[in-house]
Structure formats: structure tokens, C-alpha cells
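Each chain is listed here by its residues.
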Amino acid sequence: MSSRHLSRSIAMQTLFEWDFKKSDSKELDEILQRNIKEFAPKNPESHEFIEETVKGVYEHLLEIDNLIQKHAPEWPIDQINTIDKNVLRLGVYELVFSENIPSKVAINEAIELAKTFGSESSGKFVNGVLGAIYKEREEKGIIKKIDEQEAKKTEESKNKE
């Protein structure tokens, strides 16, 4: 398991515990620090990534939940199981708000987390919601710089062949 994947797992588990307990922001930070201490690799970059992700989800929670609701209208946010909801929150944060994570990586990582921690249908559900968000952003011309850079690299490598 890569360091980033493990870090995302820890971030998702932190968000899950916080959401399951219906805790406040102070308790979120306590859960975060405990999980980093207990499960994270002894690597400051991993700690920074986990903290940035969890705090980013928290800071954008209303916007994230609104996007989930918009793209999964038959599933009110409070009826989505806690695992899937927090995998989606993490995925939406990385897809929409994190400029350092390519969109396809955000989607693929969220699907993998859903398959690992969720139910049999979680991967498909997460893929459907995140795919719809990505498609809408693409249709509106909202493309992250890192995605443009990735596309340019891909095109350059095709031209070399």
C-alpha cells in the first residue's frame, strides 16, 4: 500500500469516526491527532497530507455535501451510509478543492477506499457520483491546472511514439 493511499485511509477513518460520533471540530482534531499517532507512517509529509485532507473536507463540508446531494439526488445525505458518505467527501474534496491531486487520481483512490471499506456496491456508487461531478466540471470548462499538465504530458508521450 502506497504512503498516499494509507494516508487517505487514515483521513477517511478519521472523518468516519468524527461523523459517526456527530462530534464538533475540536473533537475532529483530537481524533485526527490520535489516528496520525497510532496509524500513520513516521513521515512528516504523510502527517501533513492527512491533516490537510481532513481539515480541507471540514472547511468545505457544506459545499461538498451539496455537490454529493446534487449528483446523488435519490440519496439524501443523511441516508448515505457513513462509510460511503465520508469516502465521497474525501473524493469530492480532492476532485474539486485540492489543486495538487489530479482528478483521475482522486476518483480512482476514492473508488479503492469504497471497495476496501464499504459494501459490495460502494465502489460503483462512489464512481457514479464522482464521475458525474467530474463530467459536469469538464462540461463547464472547470479544469484543474494539474489535469491540464497531466493531459499535456500524455499528449507529448503519444507524440514521441
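These numbers were taken from a predicted model, which means no experiment stands behind them.

Chemist: Explain helix α4 (residues 61–71) to me, please; I cannot follow it from the model alone.
Modeler: Each α-helix winds once per 3.6 residues, and so residues spaced three or four apart point in a common direction. By the burial criterion, the buried members of α4 are L61, I64, D65, L67, I68 and H71. Seen end-on, α4 carries its buried residues on one side only, within an arc spanning 155 degrees.

Chemist: It is not clear to me how the pattern of salt bridges should be interpreted in this structure. Could you clarify?
Modeler: It is possible for side chains bearing opposite charge to pair when their charged atoms get close. Counted by the stated rule, this structure contains 13 salt bridges. With a closest N to O distance of 2.9 Å, R8 and E94 form a salt bridge. Residue R8 is located in helix α1 (residues 3–21), and its partner E94 is located in helix α5 (residues 82–97); the two are separated by 86 residues in the primary sequence. In this structure E94 comes out as buried when scored by relative accessible area, which is 1%. Here E136 ties to K70 by a salt bridge, and the two come within 2.7 Å at their closest N and O atoms.

Chemist: Even after reading the chapter, I still don't get unusual backbone geometry, so can you show me in this structure?
Modeler: The phi torsion of most residues other than glycine is negative, and most of the peptide bonds are trans. The phi dihedral of K22 falls on the positive side, at around 55 degrees, and the residue is not glycine. Along the polypeptide, K22 turns up in the loop between α1 and α2 (25–39).

Chemist: Honestly, the side chain of T53 in this entry has me stumped. Any pointers?
Modeler: Note on placement: T53 falls in helix α3 (residues 44–59). In terms of polar contacts, T53 uses its side chain to reach the backbone carbonyl oxygen of F49, at 2.8 Å.

Chemist: Please explain the packing of aromatic side chains as it appears in this structure.
Modeler: For any two aromatic rings, the description comes down to two numbers: the centre-to-centre distance and the angle of the planes. Taken as a whole, this structure holds four aromatic pairs when the rule is applied. Ring plane angle 80 degrees and centroid distance 5.7 Å describe the contact between W18 and Y58, whose orientation is recorded as edge-to-face. Linking W18 in helix α1 with Y58 in helix α3, this pair joins segments that are 40 residues apart in sequence. Ring plane angle 65 degrees and centroid distance 6.1 Å describe the contact between W75 and F125, whose orientation is recorded as edge-to-face. Taken together, the residues W75 in the loop between α4 and α5 and F125 in helix α7 (residues 122–139) connect sequence positions 50 residues apart. The partly exposed category is assigned to W75, whose relative accessible area is 41%. Overall, the relative accessible area of 18% leaves F125 in the buried class.

Chemist: Please clarify how the confidence of the model for the protein should be interpreted in this entry.
Modeler: In regions of low pLDDT, the predicted coordinates are not meant to be interpreted in detail. Looking at the protein as a whole, the pLDDT averages 94, with 99% of positions reaching at least 70. Element-level mean pLDDT values for the protein span from 86 in helix α8 (residues 145–160) up to 98 in α5.

Chemist: Honestly, the side chain of N86 in this entry has me stumped. Any pointers?
Modeler: If you trace the backbone, N86 turns up in helix α5. Under the relative-accessibility criterion, N86 is labelled buried at 0%.

Chemist: Would you explain helix α6 (residues 103–117) in this entry?
Modeler: Under the 1.5 Å per step criterion, the end-to-end length of α6 is 21 Å for 15 residues, consistent within 8% with the ideal 21 Å. All of the buried residues in α6 are S103, A106, I107, E109, A110, I111, L113 and A114. Those residues of α6 hidden inside the fold are in contact with α1, α5, α7 and α8.

Chemist: What is the right way to look at the nonpolar core in this model?
Modeler: If you look at soluble globular proteins, the nonpolar side chains tend to sit buried side by side. In terms of nonpolar packing, the biggest core is built from 40 residues, with I50, V87, V92, V126 and L130 touching the most fellow members. Among the elements of the structure, α1, α2, α3, α4, α5, α6 and α7 are those that each provide at least two residues to this core. Counting residues per element, this core draws most heavily on α5, which supplies eight residues. Aside from chain neighbours lying at most four places away, what touches V87 is M12, A110, L113, A114 and V126.

Thresholds applied
- Residues numbered from 1 in each chain as written.
- Predicted model: local features only at pLDDT ≥ 70, side-chain atom pairs only at ≥ 80, totals over all residues.
- Heavy atoms only, no water.
- Buried < 20%, exposed > 50% of the residue type's maximum accessible area, 1.4 Å probe, protein only.
- Helix = DSSP H or I, 4+ residues; strand = E, 2+ residues; numbered from the N terminus.
- Arc of directions from axis to C-beta.
- Salt bridge = Lys/Arg side-chain N within 4 Å of Asp/Glu carboxyl O.
- Polar contact = N/O pair within 3.5 Å; in protein donor to acceptor, adjacent residues only side chain to side chain.
- Phe/Tyr/Trp six-rings, centres within 6.5 Å; stacked < 30°, edge-to-face > 60°.
- pLDDT = per-residue confidence, 0-100.
- Expected span 1.5 Å × (residues − 1).
- Contact = heavy atoms within 4.5 Å.
- Core = buried A, V, L, I, M, F, W, Y, C linked by side-chain atoms within 4.5 Å.

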